[in-house]
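Listed here are the chains, written in short residue letters.
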Amino acid sequence: MARGARGTWCGALILVGALVGGASGCGPTTPTEAGGPSSATSAPAPPSPGESGSPDPGTPQPPATPPAGTTPAPGTSTADPQPAGLLVEVVVDGGLAGVRNTLVVRHDGSWSIRSRTEPPRTGRQTPAQAAELRAALADPAYARVPERPTGRPVPDGFQYRVTYRHRLVVAQDGEDERPAALRRVFAALPEGGPPTRP
């Protein structure tokens, strides 16, 4: 009799539990009802941009660098000096007219002269003349020419400042003996020497 009453009581509890969605106090509970992990699986949340290791489409990526040891593509410029670069600069100051002329000669033989009173003059040496000037400047004897005048200046004389490979040599009229290596450089300049005319 007691067993029948318990069965009736449990049945009533199960019915009430089913109606209210709660758990009954009879029989074993399921893992969900006991607070354990749910048997239903949920889909994982999609990864945020950049989290999965793939680049974000909206983020600009740096350009790919070529692997080491590769040769540059044809037409790529290099840092080597160009043949038309500056070879020598000669500045002449002084004289009765107080000139200040600047002669610039480039490696390819082209040259220009600027003065205070005249428009710039330009020209080009022949290949032989350009080679002679380069040889005179590269002569080891020219590297030993004093960088400052060694004699007394002549009144109203000229001063010459020669810049070659960042080395400045200053000479002037009135020196007892101009070094032969410097005379060779002067003789190889366009128009036969430093620009002294106004």
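An account of the accompanying structure is given in this report. (Residues numbered from 1 in each chain as written. Predicted model: local features only at pLDDT ≥ 70, side-chain atom pairs only at ≥ 80, totals over all residues. Heavy atoms only, no water.)

What the protein contains, in helices and strands, is four helices and six strands. Its helices and strands in sequence order give the protein the pattern α-β-β-β-β-α-α-β-β-α, from N to C terminus. A buried classification covers 25% of the 198 residues belonging to the protein. Considering only intrachain contacts with a sequence separation of at least 6, the fraction spanning at least 24 residues in the protein is 44%. Carbon and sulfur atoms provide 58% of the accessible area of the protein, an area that totals close to 13,900 Å². (Helix = DSSP H or I, 4+ residues; strand = E, 2+ residues; numbered from the N terminus. Buried < 20%, exposed > 50% of the residue type's maximum accessible area, 1.4 Å probe, protein only. Contact = heavy atoms within 4.5 Å. Areas by Shrake-Rupley, 256 points an atom, 1.4 Å probe, with all protein chains shown as cover.)

Judged by pairing direction, the sheet is antiparallel, and its six strands sit side by side in the order E4-E3-E2-E1-E5-E6 without closing on themselves. Edge positions in the sheet fall to strand E4 (121-124) and strand E6 (167-172), since each has one partner strand and no second. Across this sheet, the average inter-strand angle for adjacent strands is 15°, counted without regard to direction. Bridge analysis of strand E3 (residues 110-114) against E4 gives four bridges, and the strand direction is antiparallel. (Pairing = 2+ DSSP bridges. Axes fitted to C-alpha atoms, helices over the stretch in contact; angles between N-to-C directions.)

Bringing helix H4 (residues 180-188) into the picture now. Note: α-helices contain 3.6 residues per turn, so residues at a spacing of three or four share the same orientation. By the burial criterion, the buried members of H4 are Ala 181, Leu 182, Val 185, Phe 186 and Ala 188. Where H4 is buried, its residues contact helix H2 (127-138), helix H3 (140-143), strand E5 (158-164) and E6.

So, on to the pattern of salt bridges. Tallying each qualifying case throughout the model produces 10 salt bridges. Between Glu 132 and Arg 184 there is a salt bridge whose closest N-O contact spans 3.3 Å. With Glu 132 in helix H2 and Arg 184 in helix H4, this residue pair connects regions lying 52 residues apart in the sequence. According to the relative accessible area criterion, Glu 132 is partly exposed, its value standing at 38%. What you see here is one network of salt bridges that share partners, running through Glu 118, Arg 121, Glu 191 and Arg 197. (Salt bridge = Lys/Arg side-chain N within 4 Å of Asp/Glu carboxyl O.)

Let's shift gears to the pairing of E5. Here E5 shows one buried face, formed by Phe 158, Tyr 160, Val 162 and Tyr 164, and one open face, formed by Gln 159, Arg 161 and Thr 163. Relative to E5, strand E1 (residues 86-94) runs antiparallel, the two sharing six bridges. Across the sheet, Glu 89 pairs through a bridge with Thr 163, a residue of E5. Of the pairings in the sheet, the one linking E5 to E6 comprises six bridges and is antiparallel in character. Of the residues in E6, the one forming a bridge with Gln 159 is Gln 172.

The values reported here are purely geometric and, on their own, carry no functional implication.
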